[in-house]
Amino acid sequence: MIHTKNVTKTYQMGQVELKVIKDLNISIDHGEFVAIVGPSGSGKSTVLNLLGCLDKPSTGSITVEDIDVTRLNRTQLAKFRGEKVGFIFQSFNLIPVLSVYENIEYPLIMIQDLPEDERRTRIMALLKDVDMLDQKDKFPDQLSGGQRQRVAIARALVTKPKIVFADEPTANLDSETSKQIISLMRNIQKEFNTTFIFATHDEKIVTEVDRIITIVDGIITEDKRTAS
Ligand code: ADP
Ligand code: MG
């Protein structure tokens, strides 16, 4: 479902060119639960942003769901992202002036034209899935880190994306909360066959995924399936 072909990414830093991704060739299938691991600065977030169509490669092509996303313009890309992918970030990125309910509703209002009662049904079901129903009228600053990440997960899932990208989703969570968040994502993957692609160095994620792609200095050094 995701294929990259000879993808590179170069950042221009003043006079200096920094080649961050050197030659990326990977395929990721429907429903995979996969982690991209590697030292800090190795290019994990860059890969995630490229695969998630937040950023464009310098050279090479990326197809997602049979569409060559490197050929889409900004508007088409935004629409594509809105329909196909969800994002979860290390710092949760919730909107502080919106309630839990409104944060989850936000992507639906931005991109999709769903009637309000359908929006409500969908949001209430997700609030239940992430065990946040009784917190729905609270604001982000009234929540713990784990609760915020639950909201962020619900927000990422509300558009029913095929693929969810999660960049260090447990980095700001304690160990017990991290485990709960990982198992929540695992359950969603199993139930809906949602693809999850993590960038992480959290061992708790790495031991849970089905596939580990290691990247060092912008090059894949290992790609292995695990027995879990
Ligand atoms: P990781 O997520 O594995 O820590 P990143 O993908 O964030 O790594 O970064 C890889 C390299 O690219 C780092 O050297 C980083 O400094 C550099 N980099 C990332 N984003 C930019 C940018 N927008 N401009 C210039 N350099 C960048
Ligand atoms: Mg990163």
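Residues numbered from 1 in each chain as written. Chains lettered and ligands numbered in written order. Predicted model: local features only at pLDDT ≥ 70, side-chain atom pairs only at ≥ 80, totals over all residues. Heavy atoms only, no water.

S.K.: What am I meant to see in the packing of aromatic side chains here?
M.R.: Aromatic ring pairs: the centre-centre distance and the angle between the two ring planes describe each pair. What the rule picks out here adds up to five aromatic pairs. Aromatic pair Phe 33 and Phe 196: ring centres 5.6 Å apart, planes at 65 degrees, arrangement edge-to-face. Note that Phe 33 is positioned in strand β4 (residues 33-37) and Phe 196 in strand β9 (residues 195-199), a separation of 163 residues in sequence. Both residues of the pair, Phe 33 and Phe 196, count as buried. Aromatic side chains Phe 87 and Phe 165 sit 5.7 Å apart centroid to centroid with 25 degrees between the ring planes, which places their arrangement in the stacked category. Placement of Phe 87 in strand β7 (residues 85-89) and of Phe 165 in strand β8 (residues 163-167) is noted, with a sequence separation of 78 residues between them. You'll find Phe 87 and Phe 165 in the same group, each marked buried. (Phe/Tyr/Trp six-rings, centres within 6.5 Å; stacked < 30°, edge-to-face > 60°. Helix = DSSP H or I, 4+ residues; strand = E, 2+ residues; numbered from the N terminus. Buried < 20%, exposed > 50% of the residue type's maximum accessible area, 1.4 Å probe, protein only.)

S.K.: I tried to follow the environment of Gln 147 on my own but got confused; where do I start?
M.R.: Looking at the element boundaries, Gln 147 is found in helix α5 (residues 145-157). On the basis of relative accessible area, Gln 147 is assigned to the partly exposed category, the value being 22%. Along the chain, Gln 147 and Lys 136 lie eleven residues apart, while their C-alpha atoms are 11 Å from each other. Leave out the neighbours within four places in its chain, and Gln 147 touches Met 132 and Gln 135. A polar atom in the side chain of Gln 147 sits 2.9 Å from the backbone nitrogen of Ser 144. (Contact = heavy atoms within 4.5 Å. Polar contact = N/O pair within 3.5 Å; in protein donor to acceptor, adjacent residues only side chain to side chain.)

S.K.: Where do I start with the pairing of strand β5 (residues 59-64) in this structure?
M.R.: On a regular strand, each side chain points to the face opposite its neighbour's, so the side chains alternate between the two faces of the sheet. Note: strand β1 (residues 2-13) against β5, five bridges, orientation antiparallel. Looking at the pairing, Ile 2 lines up with Val 64 of β5. For β5 and strand β6 (residues 67-68), the ladder comprises two bridges, and the chain directions are antiparallel. Note that in β6 the partner of Val 64 across the bridge is Ile 67. Where β5 hands over to β6, the hairpin turn is made up of two residues, of which Glu 65 adopts a positive phi near 50 degrees. (Pairing = 2+ DSSP bridges.)

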